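Architecture and fold: a report
Chain by chain, the residues:
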Amino acid sequence: MTREVEIKATPLAILQYIVFGSAILYFGRDIFIPLSFAALISFVIYPSCRWLERKGLSRMMAILINMIFLTALLSGLVALLVNQTLSFLDEWPTVQVKLGETMEDFSLYLNEAYGVSKAEQNKLVTQLFNGSTGGALAFFGKMISASAFSTVLMILIPVYSVLILFYRELWLKVLLRLFPGERRENIVEILSLTINAYYNFIKGMGVVYLVVGILNSIGLLLLGVPHAILFGLIASLLTFIPYVGIMIGALLPMAMAWITYDSVWYPIGIVGVFAFVQYLEANVIFPLAVSSRLNVNTLVMLLSIFIGGLLWGMAGMILFVPFAGILKLIADHTPRLKTLALMLGASEPPLKS
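Our subject in this report is the structure included herewith. (Residues numbered from 1 in each chain as written. Predicted model: local features only at pLDDT ≥ 70, side-chain atom pairs only at ≥ 80, totals over all residues. Heavy atoms only, no water.)

Concerning the overall build of the protein chain
Let me state the cut-off plainly: We count a stretch as a helix when DSSP gives it H or I for four or more residues in a row; a strand needs E for two or more, and each element gets its number in order from the N terminus. Per-residue accessibility, obtained with a 1.4 Å probe over protein chains only, is compared with the maximum for each type, and a residue is labelled buried under 20%, exposed over 50%, and partly exposed between these values. Working rule for contacts: check all heavy atoms of both residues, and any pair within 4.5 Å makes them a contact. In short, Shrake-Rupley with a 1.4 Å probe defines the accessible areas, and a residue's cover is counted only from the protein chains shown.
In terms of regular secondary structure, the protein chain is built from 13 helices and zero strands. Starting at the N terminus and walking to the C terminus, you meet the elements of the protein chain as α-α-α-α-α-α-α-α-α-α-α-α-α. By residue count, 29% of the 353 residues in the protein chain fall in the buried class. Considering only intrachain contacts with a sequence separation of at least 6, the fraction spanning at least 24 residues in the protein chain is 67%. Total accessible area computed for the protein chain in this model is approximately 23200 Å², and 71% of it derives from carbon and sulfur atoms.

Spelled out as structure tokens, the structure:
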């Protein structure tokens, strides 16, 4: 005689799950980060792979064609950013001179307005420099370590993606064996919805980033801001952070315009351009390009970015938003998690009288 044991989700049990889960994610990040990127890439290119297979191509050939196309697309974007960055560095001596003139004007302002002498300013700068030298060395050490890790990821992620797609039936059987028989159809439905949602979402977001980057660049070019394409693309990519990203993306072109033209009207013009493009993105571009949202509210997205940054760094800031979307899909199809689905949702369901 079997007896069902009901596990109550007490606050203490939930806290334990959060603590142990966070510890596993943090200490296992070197394993989970490439696997997570590979899984999401597999979700995105799976529909295309299936279409090519139905056209008669072998599974491995269909996967390789999609991986080559995706790699070429990303390589082209990286090459464009590198080209614009090198062009920016070529003009760095001129920018350095203008920056020095600006700092000299600021020094005179401090002396005249607040009575801070040149000697006191130099002493303060020296103290700040000496105090930040150790931090700068540590920062560059972390950059080198992060670059080495990123190089490894660039090799591992495509390999993992190919293997996930090639052995997809095997992974599905393993997943189904982890759940009771009555839940298997529900698991297959959730997996299918996740793949379709992320394929449409990533495809639409690619269009959004491209259009926003072009509009940003055109606006900066019309204002005469140097390296408009670089700044426009960076600002476009940073829009994945709700509200905050566009403000961060505007800081660099505003500083460059102020140093270059020595006028406050150019930074104001940049604010106007980015505000207008952001309005178009939120009200016109995004609704037209993205057929289905992740349906996760903004607070959850911000918390996901923050928690992901704490646990996995920049990779976590990118990955934890899709994780929140997957959790929302699971909660929507699990009756016991309806409260969680309501907390994660982007819209409030109508109240029944």
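Here the narrative resumes, following the displayed structure.
Thoughts on helix α8 (residues 228-237)
The element α8 is largely enclosed, with a buried count of seven among its ten residues. Listed in full, the buried residues belonging to α8 are Ala228, Leu230, Phe231, Gly232, Leu233, Ala235 and Ser236.

Looking at the packing of helix α7 (residues 184-223) against α8
Formally: Simply put, an axis is a line fit to the C-alpha atoms, just over the touching stretch for a helix, and the angle between two N-to-C directions goes from 0 to 180 degrees. Angles are sorted into four bins: roughly parallel if under 35 degrees, roughly antiparallel if over 145, roughly perpendicular if 65 to 115, and oblique for all others. Note on convention: the crossing is left-handed when the near helix lies turned anticlockwise from the far helix by less than a right angle, right-handed when the turn is clockwise. Three residue categories are used. Nonpolar comprises Ala, Val, Leu, Ile, Met, Phe, Trp, Tyr, Cys and Pro, charged comprises Asp, Glu, Lys and Arg, and polar comprises the others, including Gly.
Packing of α7 against α8 brings their axes to within 8 Å, and their N-to-C directions diverge by 140°. Relative to α8, α7 is oriented oblique. By crossing handedness, the relation of α7 to α8 is classed as right-handed. Listed contacts from α8 to Tyr209, Val212, Gly213, Asn216, Ser217, Leu220 and Leu221 of α7 are Ala228, Ile229, Phe231, Gly232, Leu233, Ala235, Ser236 and Leu237. When grouped by side-chain class, the residues that make up the contact of α7 with α8 number ten nonpolar, five polar and no charged.

Quick look at the environment of Val162
By secondary structure assignment, the location of Val162 is in helix α5 (residues 118-166). Spatially, the C-alpha atoms of Val162 and Ala39 are 9.8 Å apart, while their sequence positions differ by 123 residues. When near neighbours in sequence (up to four residues on either side) are disregarded, Val162 contacts Met60, Ile63 and Met67.

Some points on the pattern of salt bridges
Filter applied, for reference: Salt bridges are defined as contacts in which a side-chain nitrogen from Lys or Arg sits within 4 Å of a carboxyl oxygen from Asp or Glu.
Taken as a whole and assessed by the stated rule, the structure comprises four salt bridges. With a shortest N-O distance of 3.8 Å, Glu53 and Arg50 are connected by a salt bridge. Of this pair, Glu53 and Arg50 both sit in helix α2 (residues 29-54), three residues apart, which is roughly one turn of the helix. Its relative accessible area of 31% is what places Arg50 among the partly exposed residues. Of the charged contacts, one joins Glu53 and Arg168 as a salt bridge, the two residues approaching to 2.8 Å between their closest N and O atoms. Of this pair, Glu53 sits in helix α2 while Arg168 sits in helix α6 (residues 168-177), and the two are 115 residues apart along the sequence. The residues Glu53 and Arg168 share a single accessibility class, namely buried.

Quick word on the side chain of Ser42
Among the secondary structure elements, Ser42 is positioned in helix α2. Each residue touching Ser42, except ones within four places of it in the same chain, is listed here: Ser161, Ile164 and Leu165.

By themselves these figures say nothing about function.
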